Amino acid sequence: MTYVITDPCIGTKDRSCVDVCPVDCIHDDGDEDQILYIDPDECIDCGACEPECPVNAIFPEDSLPTESAAFTELNARWFKDKASARASVDQLKPPA
Ligand code: SF4
């Protein structure tokens, strides 16, 4: 399993989750990304990130809200094709 970052993170990127992740599997490329991404191959399902998020954007994969289901694939995609993942996020919420 993995944890997944969802749409409330778009434009927020508080980064508190990054500070507590014991395996450093939460990433972005600074200003190029509007949202943070969890690497599903590295996440150890510890749950430390979830309560740290001030906008409740992080969920275990098996407890994702229905409307956020696409974010499981989107988090994983960024680690294989950043441009594609960014385009999808920008479509959901155009950069300010
Ligand atoms: Fe990192 Fe644990 Fe959150 Fe996975 S569940 S992203 S390992 S803090």
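Here the structure is shown first, and the text comes after it.
The shown structure was predicted, so the numbers you read here are calculated from the model rather than taken from an experiment.

**Concerning the packing of helix H2 (residues 70-78) against helix H3 (residues 82-92)**
- Contact geometry of H2 with H3 gives a least axis separation of 7 Å together with a crossing angle of 140°. Considering the angle they form, H2 stands oblique to H3. When you trace H2 past H3, the crossing you get is left-handed. Residue-level contacts link Phe71, Leu74, Arg77 and Trp78 of H2 to Lys82, Ser84, Ala85, Arg86, Ser88, Val89 and Leu92 of H3.
- Class assignment of the residues belonging to the contact of H2 with H3 gives a composition of six nonpolar, two polar and three charged.

**Points about the nonpolar core**
- Core analysis: the biggest nonpolar cluster contains 25 residues, and Ile5, Ile26, Ile35, Tyr37, Ile38 and Ile58 have the highest contact counts within it.
- Mapped by element, the contributors of at least two residues to this core are strand S1 (3-5), strand S3 (37-38), strand S4 (58-60), H2 and H3.
- When residues no more than four places from it in sequence are discounted, the contact partners of isoleucine 35 are Ile5, Thr6, Cys9, Ile10, Lys13, Asp28, Phe71 and Val89.

**Here's the deal with H2**
- Of the residues making up H2, those classed as buried are Phe71, Leu74, Asn75, Ala76, Arg77 and Trp78.
- Buried residues along H2 sit against S1, strand S2 (26-27), S3 and H3.

**What to know about unusual backbone geometry**
- Within the chain, lysine 13 stands out as a residue other than glycine whose phi angle is a positive 40°.
- Relative to the helices and strands, lysine 13 is located in the loop between S1 and helix H1 (16-20).

**Focus on the side chain of glutamine 34**
- Tracing the sequence through the fold places glutamine 34 in the loop between S2 and S3.
- Of note is the side chain of glutamine 34, whose polar atom sits 2.7 Å from the backbone oxygen of lysine 93.
- Among all residues touching glutamine 34, those that are not within four sequence positions of it are Cys9, Ile10, Gly11, Thr12, Lys13, Val89, Asp90, Lys93, Pro94 and Pro95.

**Observations concerning the pattern of salt bridges**
- Under the criterion given, the structure shown has seven salt bridges.
- Notably, a salt bridge pairs arginine 86 with aspartate 33, separated by 2.8 Å at the nearest N-O pair. Here arginine 86, found in helix H3, pairs with aspartate 33, found in the loop between S2 and S3; they are 53 residues apart in sequence, far enough to count as distant. You'll find arginine 86 and aspartate 33 in the same group, each marked buried.
- Taken together, the salt bridges that share partners define one network made up of Asp29, Glu32, Asp33, Lys82 and Arg86.

**Side note on the side chain of serine 68**
- Relative to the helices and strands, serine 68 is located in the loop between S4 and H2.
- The buried category is assigned to serine 68, whose relative accessible area is 3%.
- Polar contacts involving the side chain of serine 68 include one to the side chain of aspartate 7, which spans 3.4 Å.
- Once you skip the residues sitting within four places of it in the chain, serine 68 turns out to touch Thr6 and Asp7.

What counts, and at which threshold
- Residues numbered from 1 in each chain as written.
- Predicted model: local features only at pLDDT ≥ 70, side-chain atom pairs only at ≥ 80, totals over all residues.
- Heavy atoms only, no water.
- Axes fitted to C-alpha atoms, helices over the stretch in contact; angles between N-to-C directions.
- Helix = DSSP H or I, 4+ residues; strand = E, 2+ residues; numbered from the N terminus.
- Parallel < 35°, antiparallel > 145°, perpendicular 65-115°, else oblique.
- Left-handed = near helix turned anticlockwise from the far one by under 90°.
- Contact = heavy atoms within 4.5 Å.
- Nonpolar A, V, L, I, M, F, W, Y, C, P; charged D, E, K, R; others polar.
- Core = buried A, V, L, I, M, F, W, Y, C linked by side-chain atoms within 4.5 Å.
- Buried < 20%, exposed > 50% of the residue type's maximum accessible area, 1.4 Å probe, protein only.
- Polar contact = N/O pair within 3.5 Å; in protein donor to acceptor, adjacent residues only side chain to side chain.
- Salt bridge = Lys/Arg side-chain N within 4 Å of Asp/Glu carboxyl O.

All we've got here are geometric facts, nothing functional implied.
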